[in-house]
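So the chains spell out like this:
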Amino acid sequence: MSVPLWFALAIIGYLGIKLARPPLWLVMVLLLGGYLLADSLLAPAIDPTIK
């Protein structure tokens, strides 16, 4: 069974928010921080630790 990555992440994110109930500001900070970090000068340094 082949599931697209974006779909799997959406399901995991939805379940995580429904089950753990983190504050909305924390979710937004993590999403925005991850987006900004991925497009920064630190991205090449962080990339090996994620893979």
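Up top is the structure these notes are about.
Residues numbered from 1 in each chain as written. Predicted model: local features only at pLDDT ≥ 70, side-chain atom pairs only at ≥ 80, totals over all residues. Heavy atoms only, no water.

Engineer: What exactly am I supposed to notice about the overall build of the protein chain here?
Structural biologist: Each helix and strand counted, the protein chain has 3 helices and 0 strands in total. For the protein chain, the succession of helices and strands along the chain, N to C, is α-α-α. Here the C-alpha radius of gyration of the protein chain, 13 Å, is well above what a compact globule of 51 residues would show, namely 10 Å. Every one of the 51 residues in the protein chain was classed for burial, and the buried ones make up 2%. Split by element, the accessible area of the protein chain, about 4900 Å² in all, is 77% carbon and sulfur. (Helix = DSSP H or I, 4+ residues; strand = E, 2+ residues; numbered from the N terminus. Rg over C-alpha atoms; globule rule 2.2 N^0.38 Å. Buried < 20%, exposed > 50% of the residue type's maximum accessible area, 1.4 Å probe, protein only. Areas by Shrake-Rupley, 256 points an atom, 1.4 Å probe, with all protein chains shown as cover.)

Engineer: Where do I start with unusual backbone geometry in this structure?
Structural biologist: Leaving glycine out, the prevailing phi sign among residues is negative, and the prevailing peptide bond configuration is trans. One non-glycine residue, R21, lies in the positive phi region at around 50°. Along the chain, the position of R21 falls in the loop between α1 (5-20) and α2 (24-38). Note on R21: relative accessible area 64%, which makes it exposed.

Engineer: Would you mind going over the packing of aromatic side chains with me for this structure?
Structural biologist: Aromatic ring pairs are described here by two measures, namely the spacing of the ring centres and the angle between the planes. Enumeration according to the criterion identifies 1 aromatic pair in this entry. Judged by centre distance (5.9 Å) and plane angle (80°), the rings of W6 and F7 are edge-to-face. With relative accessibility at 62%, the residue W6 sits in the exposed group. (Phe/Tyr/Trp six-rings, centres within 6.5 Å; stacked < 30°, edge-to-face > 60°.)

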